[in-house]
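# Structural characterization, general
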Amino acid sequence: MSHLSVAKFGGTSVASFDAMSACANIVMADANTKVVVLSASAGVTNYLVELANGCDANRRSEILDAVRTIQYNIINKLQQPDAVSAQIEDILQHITGLAESASLATSSALTDELICHGEMMSTRIFTQLLAERNYPAVWVDVRNVVATNSHFGKAAPNDEKTQQQTDAVLKPLLAEGKIVITQGFIGRDDEGKTTTLGRGGSDYSAALLAEVLNANDVLIWTDVPGIYTTDPRVVPIAKRIDTISFNEAAEMATFGAKVLHPATLLPAVRSNIPVYVGSSKAPEQGGTWVTRDPQPRPTFRALALRRNQILLTLSSLSMLHAQGFLANVFAILTKHKISVDVITTSEVSVAITLDKTGSASSGADMLSEELLTELRQYCNVQVETDLALVAIIGNNLHTQSGIAKQLFDTLAPYNVRLIGYGASTNNVCTLVQNHEADEIIRALHAALFE
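Quick summary incoming for the structure in this document. Since this is a predicted model, take the numbers as computed values, not measurements. (Residues numbered from 1 in each chain as written. Predicted model: local features only at pLDDT ≥ 70, side-chain atom pairs only at ≥ 80, totals over all residues. Heavy atoms only, no water.)

### Concerning the packing of helix 2 (residues 44-52) against helix 5 (residues 108-115)
Defined as follows: Each axis is a line fitted through C-alpha atoms, taken for helices only over the stretch in contact, and angles between the N-to-C directions span 0 to 180 degrees. Helix and strand assignments follow DSSP, with helices taken as H or I runs no shorter than four residues and strands as E runs no shorter than two, numbered in order from the N terminus. For any pair of crossing helices, the crossing counts as left-handed if the nearer helix is rotated counterclockwise from the farther one by less than a right angle, and right-handed if it is rotated clockwise. Note on definitions: a residue-residue contact is assigned when non-hydrogen atoms from the two residues lie within 4.5 Å. Throughout, the ten residues Ala, Val, Leu, Ile, Met, Phe, Trp, Tyr, Cys and Pro are labelled nonpolar, Asp, Glu, Lys and Arg are labelled charged, and all others, Gly among them, are labelled polar.
The geometry of helix 2 relative to helix 5 is characterised by a closest axis approach of 9 Å and an angle of 145 degrees between their N-to-C directions. Considering how the two elements wind past one another, helix 2 and helix 5 form a crossing that is right-handed. Across from L48, V49, L51 and A52 in helix 2, the residues of helix 5 making contact are T111, L114 and I115. Its residues assigned to classes, the contact of helix 2 with helix 5 comprises six nonpolar, one polar and no charged.

Set out below in structure tokens:
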């Protein structure tokens, strides 16, 4: 087969007729793009989640009207709206029935069945849009391809079965010269029930399909033209990075650069398939390639900022029983499903940062009284809030001499609460006051990148 690209368009890229038309232009301009994975139109999934959580009849009809409006604002601008309106009405009927069921009793299986309809609608509409331009687009139900386990809401793919179904369903269509339009985020379990792949699932779907199709690359079309040296909203002169390694990008993605989360690209990473990130609104601006071993690899690559961090300082009450101290602390944190970001330890105490933004609940809920009470049986507990993590991302940061001086000179005027250095070759973390975070990012950017 010739060069094969899998392209993915996110929710804002398929939110309106104009946005969808821009996507169609991108697909048609690149003869290599043979498989297109779409998210639901922006706003739709949130509405469907609300329905899945159960609501009264009035709110149900409000939401259905809102969803219908989002989709018909696109459909009514098609040359032949009737070509898809029957299918969309069908889907809206399904949503209505499922929403009524959810108002009586909710379940994770019902939730997945309900929220998959956003992608079903966006892909039907997009397929029609391409057909009207005489492009050989064919709609495929991704549930016939991506096989998963039954962990609703966060299903894991069955790679072997997905490979078999790809060979049976997708490859013949591609061999005929068809362009496959399909859904991100969705799969099907062994019992035939719809599942979803969890947050960032559309990126995962695109990477997974790229892997089973042995594609040359994955193109993630989003609303930003690539990955920048830092958030351009904080530093307007931040530069776009042309190529970045998976490892560096992973440090960034988990550090607040909301563009990509490394876990969502796992299939592409393990199969060494390059990933491109570009803007569907401005494809001419270029983007960033994420690859295994890009050259050159500068010492400093980027800065990332994560606000709303909590710092827990735990001091052992009794040094005699200190052997099991860390083990006990982590057992308690694990039990309360708390993931830890950065850790520093001394002889008698350990300081750990927790990310408040990562959890759906507020930071206050995250540190329940129950959790604090359990920790206090072992140690003195001090809680500090209003902190932000600044990550300096780069290459071989642990072996380059003079780096610490460069960073500390820049950070000298500020109160640095904690530093994590040496655990990763790709990042150095510092914990700073929330209100100084933007200023620190600007100072570091000026010192390291300008």
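### Concerning the nonpolar core
The cut-off we apply is this: Only buried Ala, Val, Leu, Ile, Met, Phe, Trp, Tyr and Cys residues count toward a nonpolar core, and they belong to the same one when joined by side-chain atoms within 4.5 Å. Here's how the labels work: a residue is buried when its accessible area is under 20% of the maximum for its type, exposed when over 50%, partly exposed in between, all with a 1.4 Å probe on protein chains only.
Membership of the largest hydrophobic core comes to 103 residues, with the highest contact counts inside it found for V6, F9, I95, F126 and L209. In terms of residue count, the dominant contributor to this core is helix 4 (residues 82-104) (eight residues). When sequence neighbours within four positions are dropped, the list of residues in contact with L209 reads V6, V35, V37, V142, V145, V146, L170 and T182. A388, V428, I440 and I441 belong to the second-largest nonpolar core, a separate cluster that totals 23 residues.

### Some details on the pattern of salt bridges
Inclusion rule: Every case where a carboxyl oxygen of Asp or Glu lies within 4 Å of a side-chain nitrogen of Lys or Arg is listed as a salt bridge.
A complete count under the given rule lists 21 salt bridges for this structure. Ionic pairing is found between R68 and E89, a salt bridge with its closest N-O pair at 2.7 Å. With R68 in helix 3 (residues 57-75) and E89 in helix 4, this pair connects stretches of sequence that are 21 residues apart. Its relative accessible area of 29% is what places R68 among the partly exposed residues. Beyond isolated ion pairs, a larger network of salt bridges with shared partners links E50, R59 and E62.

### Some points on the packing of aromatic side chains
Put simply, the rule reads: Here the aromatic set is Phe, Tyr and Trp, taking the six-membered ring for Trp, and pairing holds for ring centres within 6.5 Å; pairs whose planes are under 30 degrees apart are stacked, those over 60 apart are edge-to-face, and all others are tilted. A ring is considered to have a charge above it if a Lys NZ or an Arg CZ atom is located within 6 Å of its centre and within 35 degrees of its normal.
Taken as a whole and judged by the stated rule, the model has four aromatic pairs. Residues W221 and Y276 carry aromatic rings whose centres are separated by 5.6 Å and whose planes lie at 65 degrees to one another, so their mutual orientation is edge-to-face. Residue W221 is located in strand 7 (residues 217-222), and its partner Y276 is located in strand 9 (residues 275-279); the two are separated by 55 residues in the primary sequence. Here Y276 falls in the buried class, since its relative accessible area comes to 11%. Counting every residue linked through ring pairs, the aromatic cluster contains F9, F126, W221, Y276 and W289. If you follow R124 out to its NZ or CZ, it ends over the ring of W139, 3.4 Å from the centre.

### Some words on the environment of A137
Note that A137 resides in strand 3 (residues 137-139). When its relative accessible area of 18% is taken as the criterion, A137 is described as buried. In the structure, A137 is positioned 102 residues away from V35 in sequence and 9.4 Å away in space, judged by C-alpha atoms. What A137 contacts, discounting residues up to four positions off in sequence, is T127, L130, I179 and I181.

### Structural notes on unusual backbone geometry
Look at the link from Q295 to P296: it is a cis peptide, with omega at -10 degrees. As for its position among the elements, P296 is in the loop between strand 10 (287-291) and strand 11 (300-316). Positive phi, normally seen in glycine, also occurs at N214, with a value near 55 degrees. With respect to the secondary-structure elements, N214 resides in the loop between helix 8 (201-212) and strand 7. For N214, a relative accessible area of 65% puts it in the exposed group. Phi is positive for N308, which is not a glycine, with a value near 55 degrees. Classification of N308 by relative accessible area gives partly exposed; the value is 32%.

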